[in-house]
Amino acid sequence: MSLVHWILILNLWILKATSLQAGSRVVLREIGHNIVGGSDPKDYAVELNATNFDAVLKDTPATYAIVEFFAHWCPACRNYKHHYENVAKLFNGPNAVHPGIVLMTRVDCALKINSKLCDKFSVSHYPMLFWGPPTKFPAGWSSNQAKSKLHVIDDGRTAERLLNWINKQIGSSYGLEDEKFENEHLSSNISDPGQIARAVYDVEEATATAFDIILEHKMIKSETRAPLIKFLQLLVAHHPSRRCRKGSAEVLVNFDDLCPLDMWSSDKHDVDTSNMIGVLRNFHICGKDVPRGYWMFCRGSKNDTRGFSCGLWVLMHSLSVRIEDGESQTAFTSICDFIHNFFICQERRQHFYEMCSSVKSPFTKARDFALWLWSAHNEVNERLMKEEASLKTGDPKFPKIIWPPKQLCPSCHHSQGPKDKGGSQINWKRDEVFKFLISYYGNTLVSLYKEKGLLGGDGTTDILEDSSTNAVVVPVGAALAIALASCAFGALACYWRSQQKNRKYYHQLHSLKNI
């Protein structure tokens, strides 16, 4: 075999090794956008592989998970797919009828990259379905594990039978024709403070969505550059999600290189801006591999209610209860400037900035800023209550209310009295309100993260360190492949040189193309 052929084979091997590793860096922004293969984009089941299996299942907000092990060449698997997808659409995706309860995923065992993963679960036939808490899946399963929390689904060969099996496990009565939104997981009972725990995923979604909007509408300009930097600094220090703190830091570290001060003074600023936006899109500000695309705490009963605006409010409240006294004025101006420059709804943006402008004295205490933001939110809610009542545009399941209601914080309410600055006919106990805000948007908000161990401790580094958004990172496997290939190439080069010398002295030289 000629040297040229050897080089071609080595290059192909390097590219293959690199592509397998790079596949683990593809972000799963929405459930239904599969990672492996050319699957139908309308699929609802999340297609996982060995590179992201552990991270996705450890970090999903869903209470339960189903993993289907299949092979793409298996006729029975192809026939079963539409049954599985009919169930998956109830739980996965932005239009899920019952979101946040069951994450439905698939693993193709016919792909070599998944061979060890499928062996880890002793897959004996296709399709083979497993059920259990998502965090238990990374440990694998075998038939001799009597106390395993994972169970093989033995009666799910049709969509109806699979859904009946799920209903029995969780005591529900879901149907394949369910369409009307019923938020079973997040009860409308406002006296349950545990509802806010899952909002940490909505805060991540809102942060990522805000960043996407900024890039999509090319909102980074010479006059908005500084406000964005200040807001990113606030996120790096105080965002409730470690993934978002890490992602914001990576954007901030690279910001001067991507967006220099003199960018807009150049005649090529349009080209430079486009290039900058293109590179920034590679930064996943709140991490990757976590299925997103649906709201949990902030999910409305209609597609055009709650969602992003709710998540943004929760983000601002969570920031307000994490700052220290010396940061209160900086946090206030950062949030006000961010909304003024980057919130795309003009009327809401203007109204919020008017509230910011009405503040005459700088904040010196974190308590004062948190209470101002709470008061401003109630003022917005009171105004929207009237608008939505007259136009009938409100969410019937989640009408605007003055917050917090007495059921949620009895100690916050003193008695009925003159109209308070908070925007209601309530005489508030403001010290109690501040305590409530710290507990609700501080400790309780991140409690689910603590349960899953995502704030630190064992396993955290593996999940979070893989969230690197550097577009030029060379995966370890690819680096090893390159190193081995370099050694092999060096050996071939030495062999080729020795052959050339022998040919020079003992044979007539051949042309290069005949070597």
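As a starting point, this report considers the structure included with it. The numbering scheme is per chain: residues are counted from 1 as the chain's sequence reads. Where local features are concerned, this predicted model is filtered to residues with pLDDT of at least 70; where side-chain atom pairs are given and counted, the filter is 80 or more; whole-chain, interface and lining totals use all residues. To get the side-chain values, all heavy atoms of the structure are used, and hydrogens and water are removed first.

**A look at helix α13 (residues 366–391)**
Alright, step 1. Numbering goes from the N terminus for both helices and strands, where a helix is a DSSP run of H or I of at least four residues and a strand is a run of E of at least two. In this scheme, a helix's expected span is set at 1.5 Å multiplied by one less than its residue total. The end-to-end C-alpha distance of α13 is 37 Å, a good match for the 38 Å that 26 residues give at a rise of 1.5 Å each.
Alright, step 2. Positive phi shows up at K392, right after α13, with a value of about 60°.

**Digging into the packing of aromatic side chains**
Alright, step 1. Pairs were defined over the aromatic rings of Phe, Tyr and Trp, the Trp ring being its six-membered one, requiring ring centres within 6.5 Å. Orientation was assigned from the angle between planes: stacked under 30 degrees, edge-to-face over 60, tilted for the rest. Summed over the entire model, instances satisfying the criterion amount to 26 aromatic pairs.
Alright, step 2. Judged by centre distance (5.9 Å) and plane angle (80°), the ring pair of W73 and Y126 falls under edge-to-face. Taken together, the residues span a long stretch of sequence, with W73 in the loop between β2 (64–70) and α3 (75–91) and Y126 in the loop between α4 (115–120) and β4 (128–132) at a distance of 53 residues.
Alright, step 3. Residue class for Y126 comes out partly exposed when judged on its relative accessible area of 30%.
Alright, step 4. Taken together, a centroid distance of 5.0 Å and an interplanar angle of 70° make the contact between F332 and F363 edge-to-face. Burial here depends on accessible area, computed with a 1.4 Å probe over protein chains only, as a share of the maximum for the residue type. Under 20% is buried, over 50% is exposed, and the range in between is partly exposed.

**Quick word on unusual backbone geometry**
Alright, step 1. The omega torsion of the bond from Y126 to P127 falls at -15°, within 30 degrees of zero and hence cis.
Alright, step 2. With respect to the helices and strands, the residue P127 is situated in the loop between α4 and β4.
Alright, step 3. Here the residue pair W403 and P404 is connected by a cis peptide bond, since its omega of -5° sits within 30 degrees of zero.
Alright, step 4. Looking at where P404 falls in the secondary structure, it is placed in the loop between α13 and β6 (413–420).

**Digging into the pattern of salt bridges**
Alright, step 1. Salt bridges, as used here, are contacts in which a Lys or Arg side-chain nitrogen is within 4 Å of a carboxyl oxygen on Asp or Glu. Using the criterion set out here, one finds 16 salt bridges in the structure.
Alright, step 2. A salt bridge links R161 to D155, with the nearest nitrogen and oxygen atoms 2.7 Å apart.
Alright, step 3. Given the relative accessible area of 39%, R161 is considered partly exposed.
Alright, step 4. The class of D155 is partly exposed, set by a relative accessible area of 29%.
Alright, step 5. The partner of R348 in a salt bridge is E387, with the nearest N and O atoms 4.0 Å apart.

**Considerations on the sheet that holds β4**
Alright, step 1. Across the sheet, which stays open at both edges, the five strands sit in the order β1-β3-β2-β4-β5 with mixed pairing between neighbours. Edge positions in the sheet fall to β1 (46–48) and β5 (151–152), since each of these pairs with one other strand and no more.
Alright, step 2. In terms of strand pairing, β1 meets strand β3 (residues 102–108) through three bridges, oriented parallel. In the sheet register, V46 faces β3, and the bridge partner there is T105.
Alright, step 3. Contacting β2, β3 and β4, α3 crosses the sheet at an angle of about 155° to β3.
Alright, step 4. Sitting on the sheet, helix α5 (residues 159–170) touches β2, β3, β4 and β5, and the angle it makes with β4 is about 20°. At least two DSSP bridges between two strands are needed for those strands to be called paired. Residues count as neighbours in contact if any of their non-hydrogen atoms are within 4.5 Å of one another. Comment: axis = line fitted to C-alpha atoms, over the contacting stretch for helices; angle = value between 0 and 180 degrees taken between N-to-C directions.

**Focus: the environment of G247**
Alright, step 1. Secondary-structure assignment places G247 in helix α8 (residues 242–258).
Alright, step 2. Once the C-alpha coordinates of G247 and V236 are considered, the two residues, 11 residues apart in sequence, prove to be 8.1 Å apart.
Alright, step 3. Those residues in contact with G247 that lie beyond four places of it in its chain are H284 and I285.

**Observations concerning the state of the cysteines**
Alright, step 1. Note that a disulfide, as used here, is simply two cysteine sulfur atoms within 2.5 Å. For the coordinates displayed, the defined rule picks out five disulfides.
Alright, step 2. Put simply, C244 and C286 are joined by a disulfide, and their sulfur atoms are 1.9 Å apart. Given an S-S torsion of about 115°, the disulfide between C244 and C286 has right-handed geometry. With C244 in helix α8 and C286 in the loop between α9 (269–280) and α10 (308–320), this residue pair connects regions lying 42 residues apart in the sequence.

These values are about where atoms sit, not about what they do.
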